[in-house]
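Here is how the chains run, residue by residue.
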Amino acid sequence: MNRPIAVGVIGLGSIAQIQHLPNLARMESLFRVAAVADISPLLTHRIAEGLPGDVLATTDWREVCAHPEVEAVLILTSGAHEQISEGALKAGKHVFAEKPLCLTVEGALRLHALAADKGLALQVGYMKLHEELLPELREGLDAIGDLRLVRHTVYHPEHSTCLGPADTLHFDDIDHRAMAEAAAFEERRTRQALGDLPAEWGRLYRNVLAASFIHTVSFIRGVMGGLPRLTAADLWPPLPSGAPADPPSLTARAEFPGHTGVEMTWLWLPASPAYREVFEAHGTRGSLEFRFSNPYLDRAASLVIKGGDGAVRHPAGTESPFTRELKAFHRAITSGRPISDGAGAAQDTAFLQDMVAALASRDGLAVGGEAALRR
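Residues numbered from 1 in each chain as written. Predicted model: local features only at pLDDT ≥ 70, side-chain atom pairs only at ≥ 80, totals over all residues. Heavy atoms only, no water.

A. How the structure looks around the overall build of the chain. Scanning the chain from terminus to terminus reveals 12 helices and 14 strands. Radius of gyration (C-alpha) of the chain: 21 Å, near the 21 Å computed for a compact globule of 375 residues. Projected onto its principal axes, the C-alpha coordinates of the chain cover approximately 60 × 50 × 45 Å. With 375 residues in all, the chain has 53% of them scored as buried. Long-range pairs, those at least 24 residues apart, make up 70% of the contacts in the chain between residues at least 6 apart in sequence. About 16500 Å² of surface is accessible on the chain, with carbon and sulfur atoms providing 51% of the total. Of the charged side chains in the chain, 36 are positive and 45 negative; the average position of the first set lies 4 Å away from that of the second. (Helix = DSSP H or I, 4+ residues; strand = E, 2+ residues; numbered from the N terminus. Rg over C-alpha atoms; globule rule 2.2 N^0.38 Å. Buried < 20%, exposed > 50% of the residue type's maximum accessible area, 1.4 Å probe, protein only. Contact = heavy atoms within 4.5 Å. Areas by Shrake-Rupley, 256 points an atom, 1.4 Å probe, with all protein chains shown as cover. Lys, Arg positive; Asp, Glu negative; His and termini not counted. Charge placed at Lys NZ, Arg CZ, Asp CG, Glu CD.)

Next comes the structure, spelled out in structure tokens:
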């Protein structure tokens, strides 16, 4: 059913302004923005003024969830999205939440069950799993024989480089109390996930693994049909005891049944002139390379498959994965067969917790919480 869904947008920062709001505007036959919310009153009202129709502008996300016209919410705030997702689902709204959904496995499974019980869609913003060339990538994986190595590498520059020339609105009137409450909630959930590790490990978990590395983990899971068993993890340079000026680089090594090796690497390269990301697979009959674009740009990935008969090149698709994920969200709502990414998000979260456990053990530290239950 190609009817417009009335949505509320919660969180109006960079990803909302660069991707989601413009995409919603281009898909006016599928979506209509009925409400917006942010902890910056000036930003909220400025965004609302630029939208067509009568749009509710508020600093309280609960008002968006209570809005009678809103059928679905897009949760685009920074950090994890458990609290708002739970509130929206309980209010009977379909949910699209940027990653990470939760910081605990328990939270992700609870939201998954809540969405299923209410018959609502719960979609996580894993846009890389909506790349146009994913069917060709999966066919390529079948064509290159028994897999020997799967490698996913992110070359991450300073964040301003990722944002590129985008001109986004920012104001200095944010509600600091709301920010402090959200931070305290995330610290509690971090202790539930990892126990009482020193603060620097919680920052690594929240600000690097759950905020960025999770894209690599979710992509491996989505493309390969599951996650491998973690065998080792490396981190360099060592974590500082104070607030770090720069995040460390990370590598996870893992293995699928049948001795397929997996390497996931996230490199922090602040002076790099551009963002790069590559998924590679090497098998007994060939290799392939899947190249992503800058995640803030409206471009699709490209694919090259190499075998004994030469190389087959698939140029980048014509449709952005950000557009495709919103179309998938619309289908999930209107088809009567809502999907939930909660169970997959729980698997991703467990893998990240296992990484922290492996890394901390190298420093003689033992994790607690959920992570300890799988040791």
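After that view, the rundown keeps rolling.
B. Here's a closer look at the side chain of His-67. Relative to the helices and strands, His-67 is located in the loop between helix 3 (61-66) and strand 4 (72-75). Those residues in contact with His-67 that lie beyond four places of it in its chain are Ala-34, Ala-35, Leu-56 and Lys-93.

C. Local environment of the sheet that holds strand 1 (residues 5-10). Pairing is parallel in the open sheet, where six strands are placed in the order 3-2-1-4-5-6. Strand pairing shows two members of the sheet lacking a second neighbour, strand 3 (56-58) and strand 6 (122-124), which therefore form its edges. Averaged over all adjacent pairs, the angle separating strand axes in this sheet is 20°, with direction ignored. Its contacts with the sheet put helix 4 (residues 82-90) on strand 1, strand 4, strand 5 (94-97) and strand 6, and the angle it makes with strand 5 is roughly 165°. (Pairing = 2+ DSSP bridges. Axes fitted to C-alpha atoms, helices over the stretch in contact; angles between N-to-C directions.)

D. Focus on the state of the cysteines. Tallied over the entire structure, the rule returns zero disulfides. Just so you know, Cys-102 is unpaired, no disulfide at all, and the nearest cysteine sulfur is the one on Cys-65, 15 Å from it. (Disulfide = S-S within 2.5 Å.)

E. Structural view of the packing of helix 1 (residues 14-26) against helix 10 (residues 321-334). Axis separation between helix 1 and helix 10 bottoms out at 10 Å; the angle between their running directions is 55°. In terms of orientation, helix 1 and helix 10 fall into the oblique class. Helix-helix and strand crossings are classified by hand; for helix 1 and helix 10 the assignment is right-handed. Contact residues: Ile-15, Gln-19, His-20, Asn-23 and Leu-24 in helix 1; Phe-322, Thr-323, Glu-325 and Leu-326 in helix 10. A class-by-class count of the residues in the contact of helix 1 with helix 10 yields four nonpolar, four polar and one charged. (Parallel < 35°, antiparallel > 145°, perpendicular 65-115°, else oblique. Left-handed = near helix turned anticlockwise from the far one by under 90°. Nonpolar A, V, L, I, M, F, W, Y, C, P; charged D, E, K, R; others polar.)

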